[in-house]
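Reading the structure
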Amino acid sequence: MKKFIAALSTFVMLGSLASCGGASTSESSKESKPSTNTESKTDANTDESASSNTDESTSSGGKTVGIAMPTKSLERWNRDGEYLKSQFEAAGYTVELKYSDNDTNQQNNDIQGMIADKVDLLLIAAIDGNTLSQTLADAKDAGISVVAYDRLIMNTDAVSYYVSFDNYTVGKLQGEFVRDQLKLDSEAGPFNIEFTAGDPADNNAGYFFNGAYDALKEYIDAGKLNIPSGKVKFEQVATDKWSTDTALENMQNTLASYYSKDEQLDVALCSNDSTALGVAQAISSDYKGKNVPIVTGQDGDIANLKNIVDGKQSMTVYKNVSDEAGVTLEVSKAILSGQTPDGSLISSFTAEATYDTESYDNGVKVVPSYLLVPYVITKDNLDVLVDTGLYKWDSDNKYLESTAETT
Ligand code: GAL
């Protein structure tokens, strides 16, 4: 049954993802009303969704799940929102899905709205992990459980569980990729590297940076890897809102200030794909060197996969967010049926994950965490993405596209 639901939800998702675009002007609008057959979807899969709701509605007990995503302007959250929505609906839940335009006030308001709507559970990918304490206290008072989705929510005792990937490992994989590409254990170097990190309001961003930095620290300390800009601290290389434009501008400034003569940039270590996109653009337009710098990323965004094929980005750390949604569904099902999920829940997952009760301290409590496994994608193993069923080769067999786009 589980496999059937997973297959079904992928199928349903293919239709619903087709309508998902870039930045939206109606990010706070309710994405989905209670899942009745009156939804104004035009895709052929709507009936599949509705019938699965009927099949599963006894176990879900007619419960409603409120899902708060940060923004539509970064590709991955569109995928997360749609996977979560389709998988929860396929399991018989009613879903209220909101995007909050990367605006913390708006996200607080959106969540307050879902509390007022008496949702039974909240799944939240926080824009700023530090700004939701009061709202989540209200959720707690209303008896609504909260699961932190992908990003840990800080300074609150109202969050019950955290579902994410092993964030430190994401950064570590990037650092180890650089180590292997430059053969830092055997080559003398020195090589030049610059870092671009994520949003300081996102608790994940520090883990990514630290994972990468720690993997390279011994080579930096030994003088095999130099950082000509001198920007070695997270705060110096953080990128507000993970913005592509900000990353582009920052890298242009770095290139103008430290690489204007014949200095060679060997590595641009970027924490994720949205920043890597800007950095690769800055390198294309402003870098004077003859070499092609190594550029790292994370997420498997379509534009970045294209850059990987074109040699403008070297790798991305892929996180299967359909699996992340699936794990979140299992955790939520357990909570909503009155259980207290623990490590034994892992046996119900279709994806590999660990249960961690030590690493994620939000300042008030250590939040029990289910962490999925990220992996490295390069030009040479893009077929691994095709094997997930979420990507396919385009008609020229050159670039990858989402399986959702042409459905
Ligand atoms: C992080 C997330 C990454 C990346 C980034 C920007 O929290 O874990 O996968 O997408 O946000 O959206």
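Quick note: structure is the one above.
Residues numbered from 1 in each chain as written. Predicted model: local features only at pLDDT ≥ 70, side-chain atom pairs only at ≥ 80, totals over all residues. Heavy atoms only, no water.

Some points on the packing of aromatic side chains
Spelled out, the test is: Here is the rule: rings of Phe, Tyr and Trp (six-membered ring for Trp) pair when centre to centre is within 6.5 Å. Planes less than 30 degrees apart are stacked, more than 60 are edge-to-face, and the remainder are tilted. Counting from the N terminus, the helices are DSSP H or I runs at least four residues long and the strands are E runs at least two residues long. Only protein chains enter the accessibility calculation, which uses a 1.4 Å probe; a residue whose area is less than 20% of its type maximum is buried, one above 50% is exposed, and one in between is partly exposed.
Tallying each qualifying case throughout the model produces 13 aromatic pairs. Both rings, one in phenylalanine 195 and one in phenylalanine 209, keep their centres 5.5 Å apart while their planes meet at 70°; by these two values the pair is edge-to-face. In this pair, phenylalanine 195 is assigned in strand β6 (residues 191-196) and phenylalanine 209 in helix α7 (residues 203-221), connecting sequence segments 14 residues apart. Each of the two residues, phenylalanine 195 as well as phenylalanine 209, counts as buried. Members of the aromatic cluster, joined through ring pairs, are Tyr161, Phe349, Tyr355 and Tyr370.

A look at α7
Operational definition: A helix's residues, less one, multiplied by 1.5 Å, set its expected span. Here the bend at each residue means the angle between axes fitted to two seven-residue stretches, the one ending at that residue and the one beginning there. Whenever two N or O atoms come within 3.5 Å, that pair is a polar contact, provided that in protein one can donate a hydrogen and the other can accept it, and provided that, for residues adjacent in sequence, both atoms are side-chain atoms.
Along its 19 residues, α7 runs 26 Å from first to last C-alpha, staying within 8% of the 27 Å computed at 1.5 Å per residue. Where α7 bends most, the angle comes to about 45°, and this point is alanine 215. When α7 is considered as a whole, its buried residues turn out to be Asn203, Asn204, Ala205, Phe208, Phe209, Gly211, Ala212, Tyr213, Ala215, Leu216, Tyr219 and Ile220. The backbone nitrogen of asparagine 204 lies 2.8 Å from a side-chain oxygen of the residue at the head of α7, namely aspartate 202. The positive-phi residue at the C-terminal boundary of α7 is glycine 223, with phi of around 80°.

A short note on the sheet that holds β6
Here is the rule: Pairing between two strands is assigned when DSSP locates at least 2 bridges connecting them. Whether two residues are in contact is decided by their heavy atoms: any pair within 4.5 Å suffices. Here the axes come from fitting lines to C-alpha atoms, over the contacting stretch only for helices, and the angles between their N-to-C directions go from 0 to 180 degrees.
Ordered in space as β7-β6-β8-β9, the four strands form an open sheet in which the pairing is parallel. In the strand order of this sheet, the two ends are held by β7 (225-226) and β9 (294-295), each with one partner. Summarising the sheet, β6 and β7 pair through two bridges and their orientation is parallel. Across the sheet, residue phenylalanine 191 finds its bridge partner in β7, namely leucine 225. Running at roughly 165° to strand β8 (residues 267-270), helix α6 (residues 167-182) makes contact with β6, β7, β8 and β9 of the sheet.

Some details on the site of the ligand
Stated formally: We call a residue near a molecule or strand whenever a single non-hydrogen atom of that residue lies within 4 Å of it. Note that accessible areas follow from Shrake-Rupley with a 1.4 Å probe, and for residues the cover is restricted to the protein chains shown. Note on residue classes: Ala, Val, Leu, Ile, Met, Phe, Trp, Tyr, Cys and Pro are nonpolar, Asp, Glu, Lys and Arg are charged, and everything else, Gly too, is polar. What marks off one domain from the next here is an automatic or database domain assignment.
Residues in contact with the ligand amount to 13 residues; listed here are only the nearest, Trp77, Asp150, Arg151, Asp202 and Asp299. Here an oxygen atom of the ligand sits 2.7 Å away from a polar atom, N or O, in the side chain of aspartate 299. A distance of 2.9 Å is found between an oxygen atom of the ligand and a side-chain nitrogen or oxygen belonging to lysine 319. Relative to its unbound accessible surface of 300 Å², the ligand loses 99% to contact with the protein. Elements that contribute at least two residues to the shell around the ligand include exactly α3 (75-90) and α7. Its residues placed into classes, the shell around the ligand shows four nonpolar, three polar and six charged. Two domains each put at least three residues into the shell around the ligand: domain 1 (2-165 + 319-374) and domain 2 (167-298).

Details of the environment of lysine 217
Within the element layout of this structure, lysine 217 appears in helix α7. Taking relative accessible area as the criterion, lysine 217 reaches 37% and is therefore assigned partly exposed. On a C-alpha basis, the gap between lysine 217 and glycine 175 in space is 9.3 Å, while along the polypeptide they are 42 residues apart.

Comments concerning the side chain of asparagine 204
Structurally, asparagine 204 is set in helix α7. Residue class for asparagine 204 comes out buried when judged on its relative accessible area of 1%. Polar contacts involving the side chain of asparagine 204 include one to the side chain of tyrosine 162, which spans 3.0 Å. Ignoring any residue separated from it by four or fewer positions in sequence, one finds asparagine 204 in contact with Asp150, Arg151, Leu152, Tyr162 and Asn167.

Observations concerning the pairing of strand β4 (residues 145-149)
Heads up, the rule is: Crossover handedness is defined here as right-handed if the route from the first strand over the helix to the second strand goes clockwise, with the strands pointing away from the viewer.
Most of β4 is tucked away: four of the five residues are buried. One ladder, built from four bridges, connects strand β3 (residues 121-124) with β4; its direction is parallel. Paired with isoleucine 124 across the bridge in β4 is alanine 148. Viewed along the sheet, the connection from β3 through helix α5 (residues 133-141) into β4 turns out right-handed. In this sheet, strand β5 (residues 159-165) lies alongside β4 in parallel orientation, the contact comprising four bridges. Bridge pairing in β5 links alanine 148 to tyrosine 162.

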